[in-house]
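Letter by letter, the chains look like this.
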Amino acid sequence: NAGVTQTPKFRVLKTGQSMTLLCAQDMNHEYMYWYRQDPGMGLRLIHYSVGEGTTAKGEVPDGYNVSRLKKQNFLLGLESAAPSQTSVYFCASSRASGGYEQYFGPGTRLTVT
Amino acid sequence: GENVEQHPSTLSVQEGDSAVIKCTYSDSASNYFPWYKQELGKRPQLIIDIRSNVGEKKDQRIAVTLNKTAKHFSLHITETQPEDSAVYFCAASKGNEKLTFGTGTRLTIIP
């Protein structure tokens, strides 16, 4: 099993450009999450999904959109990148919420210039 | 919503000594408290968790204690080794709600 994978691993964008980050999991998990990690701020939840076809806002959703068309995939989109979105992005999945281990992907380092 | 505070932000200990990281939470209804370890350049991974019906849980050199009255929980690492150097995150959740993470503690083990 590959677990949770993310593509790409690194990306540099110019302000105003758009991009999509792809997360895939092969554990048949219902829940999937997108976090951003910034120095001194821990892991902050951007958006999450409780099942195929569902999405919900997390703590810091502004400037991002998500889609979960297939159970195994969770896409994070940036429509118009800003320097404030420079961060490391982690995807995670879990069997359910509240009391279940979250399995994280390897992360995507995004720099917006 | 839930608020989780974690202290200290950095911690250095001599190899072989013990390390303690503390977290406080705001929502008294929270009932699940995991700890994640993130080595440099790697993904966070669960190392231990505790539920509100238990006061302490141990797994070899690591243990977590929970004080529901005071709304705080702690990670204890004994006989620290170089491979314990990492960033540690605490988190809390209640029911089926999502996890709220602390801001992390960078632990450095001094050989």
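Presented here is a report on the structure given in the accompanying data block.

Conventions we followed
- Residues numbered from 1 in each chain as written.
- Chains lettered and ligands numbered in written order.
- Predicted model: local features only at pLDDT ≥ 70, side-chain atom pairs only at ≥ 80, totals over all residues.
- Heavy atoms only, no water.
- Pairing = 2+ DSSP bridges.
- Helix = DSSP H or I, 4+ residues; strand = E, 2+ residues; numbered from the N terminus.
- Axes fitted to C-alpha atoms, helices over the stretch in contact; angles between N-to-C directions.
- Salt bridge = Lys/Arg side-chain N within 4 Å of Asp/Glu carboxyl O.
- Buried < 20%, exposed > 50% of the residue type's maximum accessible area, 1.4 Å probe, protein only.
- Disulfide = S-S within 2.5 Å.

All names here are of chain B. Taken in spatial order, the five strands make up an open sheet running 1-3-8-7-6, and their pairing is antiparallel. Two strands bound the open sheet, and with one partner strand each, they are strand 1 (4-7) and strand 6 (56-59). When the angles between neighbouring strand axes are averaged without regard to direction, this sheet yields 15°. Here strand 3 (residues 19-25) pairs with strand 8 (residues 72-77) via six bridges, running antiparallel. Along strand 8, the bridge assignment pairs Ile21 with Leu75.

Residues and elements named next belong to chain A. Enumeration according to the criterion identifies seven salt bridges over all chains in this entry. Where Arg44 meets Asp38, a salt bridge forms, and the shortest distance between an N and an O atom there is 2.8 Å. Note on Arg44: relative accessible area 17%, which makes it buried. Salt bridges here are not isolated pairs; linked through shared partners, they connect Arg36, Asp38 and Arg44.

Here we come to the state of the cysteines. For the structure shown, the criterion picks out two disulfides over all chains. Bridging Cys23 of chain A to Cys91 of chain A, the disulfide has an S-S length of 1.8 Å. Taking the sign of the S-S torsion, -75° for the link of Cys23 of chain A and Cys91 of chain A, the bridge is left-handed. Note that Cys23 of chain A is positioned in strand 3 (residues 19-25) and Cys91 of chain A in strand 9 (residues 87-94), a separation of 68 residues in sequence. Judged by relative accessible area, which is 0%, Cys23 of chain A ranks as buried. Across the disulfide, Cys23 of chain B is cross-linked to Cys90 of chain B (sulfur-sulfur distance 2.0 Å). Disulfide Cys23 of chain B-Cys90 of chain B: the torsion about the S-S bond is -100°, which places it as left-handed.

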